[in-house]
Amino acid sequence: MKSIDIFPWNDNFNTGVPQIDEQHRRLVELLNTLASHVAYQSNLPAINNIIDQLADYAVYHFETEESIWHQYFPEDMLETQHKKVHNSFIETVVRLKSEQASKSPLKLVEEILAFLTRWLAAHILESDRHLAAIVLAMQSGMPLEQAKIQANKTMNGANRLLIDIILSIYECLSTNTLHLMRQLNQNQQDQLFLLKLSQAVEQSPSSIIITNLYAEIEFVNQAFEKVTGYSRSELLGQNPRILQSGKTSKQTYLELWDTLLRGEIWKGELINKRKNGSEYIEWALISPVIQPDGSITHYLAIKEDITERKHIESRLIESESHLRAIIENEPECIKILDAEGLLVEMNPAGLAMIQADDFAQVSGAVVLDLVAPEHRQAFADMHQQVLAGTSVLLEYEIIGLKGARRWLETHAVPMKDAKGNVCQLAIDRDVSQRKENENLLRIAATAFESQEGMMVTDGKTTILRVNKAFTKITGYTAEEVIGKTPKLLKSGRHPPVFYAELWDRINRTGEWDGEIWNRRKSGDDYPQHMMIKAVKDLDLKVTHYVCTLTDDTLRKAAADKIERLAIYDPLTGLPNRQLLHDRLKPALANSSRSGLHGALLFIDLDNFKALNDTLGHDMGDLLLQQVAERLVTCVREIDTVARLGGDEFVVMLEDLNADILVAIKQAELIGQKVIGVINQPFQLMAHNYISTPSIGIALFKGQHESADQLLKHADIAMYQAKTSGRNTLCFFDPQMQEMVSAKVSMQTDLRQALDQQQFELYYQIQVDAADRTLGAEALIRWFHPVRGLVSPGEFIPLAEEIGIVQGIGHWVLEKACGQIQAWQQNPLACDLTLSVNVSPKQFFQTDFVNQVQSLIHSYAINPHLLKLELTESILIKNVEDTIATMNQLGAMGVQFSLDDFGTGYSSLQYLKKLPLNQLKIDQSFVRDLATDSGDQAIVRTIIAMAKSLGLNVIAEGVETFEQRQFLLGSDCTHFQGYLFSKPLPINQFEDLLKAMAG
């Protein structure tokens, strides 16, 4: 801290007494220190501390002086007067300090400082120097009185004048110094204020900019730099135009300058641009800086970045608009009623409910007037409850302005308007239809108790309700069946396929109508006519099933008797030729689906004519009846024993083994059993009769031959048995043994074919509507070293029978992956999809997924280019396992095509669950497509179904232009067949790709 010398020391203040002069200098030093603290605004405790030191030292000095004076002139008037001066000093200081409460601390200190300066200067010059002169004279040996005279002379004359001059100078110096200190103090305060003001401006969160009259920037604060992205050095000297975005109108700038030039403050919004080019919106307050003489020297702008606020306001406006749009478009009525029940607001849906053309027509209307008279009290009570703060739900009827009545369900809640008044907010739902439905339900409940049995279940077939007629028919009371399923009525007479077809019909059409055998509570089976209807909600989801049932026992008995006469042999009770035909056709179809063999045994009784001629026709009839009884004992329940007429019987065996050799053995065993039982003696009244049969056997598998052809074959074989000596059996084909031998030989060759690399893959091209190549199907070929080319239709079923189809299938799959890998390097083939046929046995291997995944990784191929073709037989069983396996492979990217679609037993209810990519139309439907309307209808149905399931569809076996055009016109755009190319070995196939690429 710099020293302020309010009392500059000089030799004129020396008394000549060293001890006193030293203390005087110390007092002056403390006095100047006090002045420095005051000048530089030290804190008050520090100033008070200096004052206390000064006072303490003054007291100490006074004691020192008084002891010296007392030594030289004790009890003298001079000593007494000097003490009074000291006491007066102390009293004055105490008085000044006592005025602290009424004066500011700084003012008080200045007064003390002025007093001390004046007093000390006068005291030293006038008193202390006088007494010191006496002491010095006495020290030289002069007596007291003479010393006084000499000292008085010294203090008068020129010395007196000098003292007055010095005191005048110090008085002026003290005054000036104090004035200077005040100015210094004020300057410090001003600087501190300016510093605070500068900091406030610099640290202000608002952007601040100052320009001169020429719009040159002279100052910007940190907030301005932050908002604009420009540094202060980049902005100083620039014109604020560098911030203009071009989005603020020229009119705005004109109004801005017009306002400023009038000396007024301009307020408004500006759209400016930051250094990085981004735009921002700011609220600006721009003011001219006016000097005392009225001149404008600068312009000051304070700005706020309101971009985010503007965005929020925009979003709020948008949100309010969105909310208004929701209310306006809400299909249910939204209304607000004031405390008096007057209509304040209502959306268009509500206006439609009360038949108002617009809101102006009903604004301020008394809503109670629209309520039907019988419901007005309930409505008024609801309104009062809402005003009291309660939410209320009420159903009531209104009468529209045009007279229409409708039921409303109102949910009313209290709310406050903008003025804080409680009013009613209500949402009204038109429940007129529900009310009507409730009335209909009451009517239906009455109709439910009709003469027909009725049963209602939920969507999961749990029984919810039955009527009295149901109890009368079944014997079960409502309590015994509710919560259970209709399965408790099953008689066990129908196979699972019956119920599968029943539910398939319900799922497809929504109803089933037919006859069924059920079982009463008593255990009696009875025929029943049943009609089942599915009840669906608005989303077409089944919620209930309604079943009506009538006891068909009497009608069924009569119908059965008529039917039996038509299709059963009246003599033996066995099915006749007609019923045999009816059963043989589905047996052929079942054989085709299952792959199992069946057989017809044509049985003729040897020498039956002789029996009739000798013992009479009544004995012949008796024999036929007993033969029928014995034949039935030889077969299973699923088999059929029929009498064609005369002495001819036919036994139809189903579900024999898939292996033809085993099937032959099974048929032969049944034939021998028949021979055995017929060879047993018959008791014809009093006659003991021996009979023998001749049996012809014809095997069947699939639908390659008609029922009549099979019967003819069995008949021929029967005659062969008669030719062979009777009482024996023969199979239809005399070369059958050779065929069996050939089959065994082929089995051996087939096992060796894989190891000896006799298989080869051929590729048949698949194209789109523009004949662009999409992919190919890999088809296996067997080149037998002796037989030559063996058809896959011949060796694949054999491979399945002997259990090596899995190995062959894996070989095909690996070859296909290798080919995809090679094609990925070929620009012509890198995007081609390769389809591979997969047999059910291969697909259902437990590690099939791992096999495919391993091959994909080993050959590093794109799995999307591999397509597995599955047959419909996979859908017959293990559906959940099939879906799980397909999902795992599909997750890798592998695609799926359902091959030969439409030829098998497709479980359509599961088809939509399968993660398929494609349906392939079987060539059997394509072959006669140009001429067969049935095939055309089937193909259109398959395509439509595929499209509805989001699947693409491809047709195989396309061989003519007419077939292609029909498919194309039916929205099938992918083709495969000889029209485009036959299956080719890889080299020829790739040559074909090059040729098609041009």
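Calculation notes
- Residues numbered from 1 in each chain as written.
- Predicted model: local features only at pLDDT ≥ 70, side-chain atom pairs only at ≥ 80, totals over all residues.
- Heavy atoms only, no water.
- Domains from an automatic or database assignment.
- Helix = DSSP H or I, 4+ residues; strand = E, 2+ residues; numbered from the N terminus.
- Buried < 20%, exposed > 50% of the residue type's maximum accessible area, 1.4 Å probe, protein only.
- Contact = heavy atoms within 4.5 Å.
- Patch = residues over 30% accessible without salt bridge, like charges linked within 9 Å, V, L, I, M, F, W, Y side chains within 5 Å.
- Areas by Shrake-Rupley, 256 points an atom, 1.4 Å probe, with all protein chains shown as cover.
- Salt bridge = Lys/Arg side-chain N within 4 Å of Asp/Glu carboxyl O.
- Pairing = 2+ DSSP bridges.
- Axes fitted to C-alpha atoms, helices over the stretch in contact; angles between N-to-C directions.
- Core = buried A, V, L, I, M, F, W, Y, C linked by side-chain atoms within 4.5 Å.
- Phe/Tyr/Trp six-rings, centres within 6.5 Å; stacked < 30°, edge-to-face > 60°.
- Lys NZ or Arg CZ within 6 Å of the ring centre and 35° of its normal.

Caption draft 1: The domain arrangement of the protein, seen in detail. Splitting the protein by domain gives domain 1 (11-186), domain 2 (204-305), domain 3 (323-437), domain 4 (450-552), domain 5 (568-732) and domain 6 (750-993). One C-alpha centre belongs to domain 3, the other to domain 4, and the line joining them spans 46 Å.

Caption draft 2: Representation of unusual backbone geometry in the model. A positive phi is found at Glu75, a non-glycine position, where the angle reads about 60 degrees. The topology assignment puts Glu75 in the loop between helix H2 (44-72) and helix H3 (77-98).

Caption draft 3: Spotlight on the environment of Ala587. Checked against the element boundaries, Ala587 lands in helix H18 (residues 577-594). The buried category is assigned to Ala587, whose relative accessible area is 4%. Every residue in contact with Ala587, bar those within four places of it in the chain, is listed here: Met652, Glu654 and Phe700.

Caption draft 4: Broad picture of a nonpolar patch on the surface. Together, Val59, Ile90 and Val94 make up an exposed nonpolar region whose accessible area comes to about 220 Å². Considering the arrangement of structural elements, one finds Ile90 in helix H3. We classify Ile90 as partly exposed; its relative accessible area is 33%.

Caption draft 5: Molecular detail of the sheet that holds strand S2 (residues 217-220). The strand order across the open sheet built from five strands is S2-S1-S5-S4-S3, with neighbouring strands paired in antiparallel fashion. Each edge of the open sheet is held by one strand with a lone partner, namely S2 and strand S3 (266-273). Across the sheet, the axes of successive neighbouring strands diverge by a mean angle of 30 degrees, strand direction being ignored. By the bridge criterion, three bridges tie strand S1 (residues 207-212) to S2 in an arrangement that is antiparallel. Looking across to S2, one finds that Thr211 is bridged to Ile217. Along the sheet, helix H9 (residues 250-261) contacts S3, strand S4 (279-290) and strand S5 (296-305); its crossing angle with S3, the most-contacted strand, is approximately 140 degrees.

Caption draft 6: Molecular detail of the nonpolar core. Ranked by size, the top nonpolar core spans 77 residues in total, and within it Leu750, Phe759, Leu868, Leu916, Leu919, Ile921 and Leu967 carry the most contacts. In terms of residues, this core owes the most to one element, helix H25 (residues 805-823), which gives nine residues. Excluding residues within four positions of it along the chain, Leu967 makes contact with Ile921, Leu929, Val939, Ala955, Val958, Cys972 and Phe975. Residues Leu605, Val635, Leu656 and Ala663 belong to the second largest nonpolar core, which totals 37 residues.

Caption draft 7: Structural view of the environment of Ala380. Within the secondary structure, Ala380 is located in helix H12 (residues 376-387). Residue Ala380 is classed as partly exposed on the basis of its relative accessible area, which comes to 25%. As for Ala380 and Val367, which are separated by 13 residues in sequence, their C-alpha atoms are 9.9 Å apart.

Caption draft 8: Looking closely at the packing of aromatic side chains. Tallied over the full model, the rule gives 22 aromatic pairs. Ring geometry for Phe89 versus Trp119: centroids 4.2 Å apart, planes at 40 degrees, classification tilted. On the criterion of sequence distance, the pair formed by Phe89 in helix H3 and Trp119 in helix H4 (residues 105-139) is long-range, its members being 30 residues apart. By relative accessible area, Phe89 is classed as buried at 7%. Through pairs of rings, three or more aromatic residues link up here, namely Phe759, Trp782, Phe795 and Trp811. Over the ring of Tyr499 we find Lys490, and its NZ or CZ is 4.4 Å from the ring centre. Sitting over the ring of Trp517, Arg493 keeps its end group 3.7 Å from the ring centre.

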